[in-house]
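# Observations on chain architecture
For reference, the chains in residue letters:
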Amino acid sequence: MTRPRATLVLGDGTTFEGYAAGYLPDEGVSTGEFVFNTALSGYQEVITDPSYAGQIIAFTYPHIGNYGVNATDDEAPRAWCRGVVVRELSDRPSNWRASGSLEAFLRDREVPVIVGVDTRRLTRHLRAHGALPGAFGHGDVVTIADAARGAAGTDGSDFVTLVSTRVPYALGDGDLHVVAFDYGIKRTMVRELGRRFRVTVVPASTRADEVLGLGPDGVFLSNGPGDPAALTEEVRVVRELLGVTPIFGICLGHQLLAAALGGRTYKLPFGHHGSNHPVQDLATGRIEITAQNHNYAVAPDSVTRAVVSHVNLNDGVIEGIAAPEARCFSVQYHPEAGPGPHDARYLFERFEALLRTNSLESR
C-alpha cells in the first residue's frame, strides 16, 4: 500500500517522520496534546474512550491492529481522540472476532493516523519533557509546524460538555437504583453497573436536586476528559450530594469528588495511560494491576476530609480516597477493565455493599 508522507511536529519543535493512514482530513493537519499509552492490547477500547478528547494517542506497542476490530469493543459511539500514532499498523486482522481492519475503522470514524513513526523515541521525549501539544499531517511541513506552535494542551479545558450524553437513559433491573453522571462514561463501565444495579445515566450538567428527584440509592461519578479544575459547576453539584447519598467516583469522577471534599488537582508530567499500573490498597496491602487513563491527579495532603486508600507503586501518586462519614470513595483507575486486567472489579462489589448497608441504616 502506498501512503503519502507525513510529518509530526511537537510544540517544542521536535519533528518525526512517517506516513499518513486512516482518515485523511482535507486540511491535512490534526492538532492535539500528545500522550503515550503502554497497553499491549485493547487498542479499540483505548481509541474509543471519551477520556481522550483533545488528545493524540501514541501507542508504545509497535504492532497495532493485529486482531482487527468488532462492534462489541467500542467504548463510545464514536472516537473522540484527535489522532493516533503507531509504529506499524496491521491491515490483516487474525482473530475470529474481527469484523474488519483497524485502519478501515479509523477511516470510517474520521480518525487521522500517522504510521512508521519511531514511537520509542517519541515516548522517551514525552517522558522527558511531559505531554506536549503538537500537530501531524500529510501537508506542507511549514503549515504543520505552524499548527504545532498554535496547538493547545488540556489545561483549563472542559471537554466533558462535548462528550457527555444529551439525554438521560436507563438500563439494568437490580433492586438498588444508581444515578451515574456521564462525564465521558465508557460502555464497559455502564455494563458493569447494569449487572448489579438499576442505572439511570444522566448528562454531566444535571443538577443535584434533579438527581435526588430520581430517588437514587447511590451516585456514580464516571471517567471523562480534560482538566478537572475547569469543572467548577460539576464540583459544586457533587458537593451538594455529599453526605446525602453514597458516592463512588472513577478517574475524573475521583478528581471531582476530591475537589468537592476540599482537595486540589494538578497535572502529571505525562499522565498514566495503560493497562499495567501497579496500585496498592492501603487497607488490605493487596496490589492490583490496573488500567489507567488520566493526565491529572489529586494533590497530596490537600484532601483533609478524606483518607488516602490507594497509591500508585510506580510514582506514589494518590490512586484512591475514602470518606466513610460522607459515605463516599473513589479511585483514579478503571475497575471496569475495558481494556485491562480485572484485578479491581471488586470495587463494584464494595459500592454495592455500601449501598446495601446505607439502605438498611435508613430504614
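Further up the page is the structure itself.
Here is a short report on the structure shown in this document.

Quick notes on the rules
Residues numbered from 1 in each chain as written. Predicted model: local features only at pLDDT ≥ 70, side-chain atom pairs only at ≥ 80, totals over all residues. Heavy atoms only, no water. Axes fitted to C-alpha atoms, helices over the stretch in contact; angles between N-to-C directions. Helix = DSSP H or I, 4+ residues; strand = E, 2+ residues; numbered from the N terminus. Parallel < 35°, antiparallel > 145°, perpendicular 65-115°, else oblique. Left-handed = near helix turned anticlockwise from the far one by under 90°. Contact = heavy atoms within 4.5 Å. Nonpolar A, V, L, I, M, F, W, Y, C, P; charged D, E, K, R; others polar. Phe/Tyr/Trp six-rings, centres within 6.5 Å; stacked < 30°, edge-to-face > 60°. Buried < 20%, exposed > 50% of the residue type's maximum accessible area, 1.4 Å probe, protein only. Lys NZ or Arg CZ within 6 Å of the ring centre and 35° of its normal. Core = buried A, V, L, I, M, F, W, Y, C linked by side-chain atoms within 4.5 Å. 1 Å grid on protein atoms, 1.4 Å probe; cavity = no way out; pocket = protein on both sides within 12 Å on 5 of 7 lines; lining within 4 Å. Points joined across faces, edges and corners; volume = space filled by probe spheres on them. Pairing = 2+ DSSP bridges.

### A look at the packing of helix α8 (residues 232–241) against helix α9 (residues 252–260)
As a packed pair, α8 and α9 sit with axes 8 Å apart at the nearest point and diverge in direction by 70°. Compared by their axis directions, α8 and α9 come out roughly perpendicular. Crossing of α8 against α9: the hand is right-handed. From α8, E234, V235, V238 and R239 reach across to α9, where they touch L256, L257, A259 and A260. Each residue belonging to the contact of α8 with α9 can be placed in one class, and the counts come to 6 nonpolar, no polar and 2 charged.

### Focus on the packing of aromatic side chains
Overall, the coordinates contain 9 aromatic pairs when judged by the stated rule. Consider the rings of F181 and Y183, whose centres lie 5.7 Å apart with planes at 5°: the pair is stacked. For F181, a relative accessible area of 1% translates into the label buried. Ring centres 4.5 Å apart and planes at 20° place the aromatic pair F248 and F329 in the stacked group. A residue pair is termed long-range when its members are at least 10 positions apart, and F248 in strand β14 (residues 247–250) and F329 in strand β19 (residues 328–331) qualify at 81 residues. Look at F329 and you get buried, because its relative accessible area is 9%. If you follow R78 out to its NZ or CZ, it ends over the ring of W80, 3.9 Å from the centre. The aromatic ring of F16 is capped on one face by R121, whose charged end is 4.1 Å from the ring centroid.

### A word on the nonpolar core
Formed by 32 residues in total, the largest nonpolar core has its most connected members in F181, Y183, I247 and L261. It is α9 that provides the largest number of residues to this core, a total of 6 residues.

### Things to note about empty space enclosed by the protein
Enumeration over the complete set of coordinates arrives at 3 cavities of 30 Å³ or more. Along the wall of the largest cavity there are 15 residues; nearest its centre are P225, G226, H294, N295 and Y296. For the lining of the largest cavity, the elements supplying multiple residues, two or more each, are α9 and β16 (287–298). When its volume is computed, the second largest cavity comes out at roughly 100 Å³. The residue makeup of the lining of the second largest cavity, split by class, is 5 nonpolar, 7 polar and 2 charged.

### So, the sheet that holds strand β18 (residues 318–323)
The 10 strands lie next to each other as β10-β12-β11-β13-β14-β19-β18-β17-β15-β16, forming an open sheet whose pairing is mixed. Edge strands, defined here as strands with exactly one partner in the open sheet, are β10 (169–171) and β16. Strand-to-strand twist across the sheet, computed as the mean angle between neighbouring axes with direction ignored, equals 25°. Looking at chain direction, β14 and β19 are connected through 4 bridges and run parallel. The residue bridging G249 from the neighbouring strand is S330, located in β19.

### What about the environment of Y183?
Looking at the secondary structure, you find Y183 in the loop between β11 (177–182) and α6 (187–194). Between the C-alpha atoms of Y183 and P50, which are 133 residues apart in sequence, the distance is 8.7 Å.

### Things to note about the sheet that holds strand β6 (residues 83–85)
Consider a sheet: its strands pair through backbone hydrogen bonds, and that pairing is either parallel or antiparallel. Judged by pairing direction, the barrel is mixed, and its 7 strands sit side by side in the order β1-β2-β8-β6-β4-β3-β9 before closing back on the first. Put simply, the sheet's adjacent strands are angled 35° from each other on average, direction ignored. Relative to strand β2 (residues 15–22), strand β1 (residues 5–10) runs antiparallel, the two being bridged by 5 bridges. Across the sheet, residue L8 finds its bridge partner in β2, namely F16. Running over the sheet, helix α3 (residues 119–129) touches β1, β2, β3 (29–37), β4 (55–59), β6 and β9 (132–137) and is turned about 80° from β3.

### Concerning the pairing of strand β15 (residues 265–281)
Bridge analysis of β15 against β16 gives 10 bridges, and the strand direction is antiparallel. In the strand pairing of β16, K267 is matched with Y296. Between β15 and the antiparallel strand that follows it, β16, lie 5 residues; G285 among them carries a positive phi value of about 80°.

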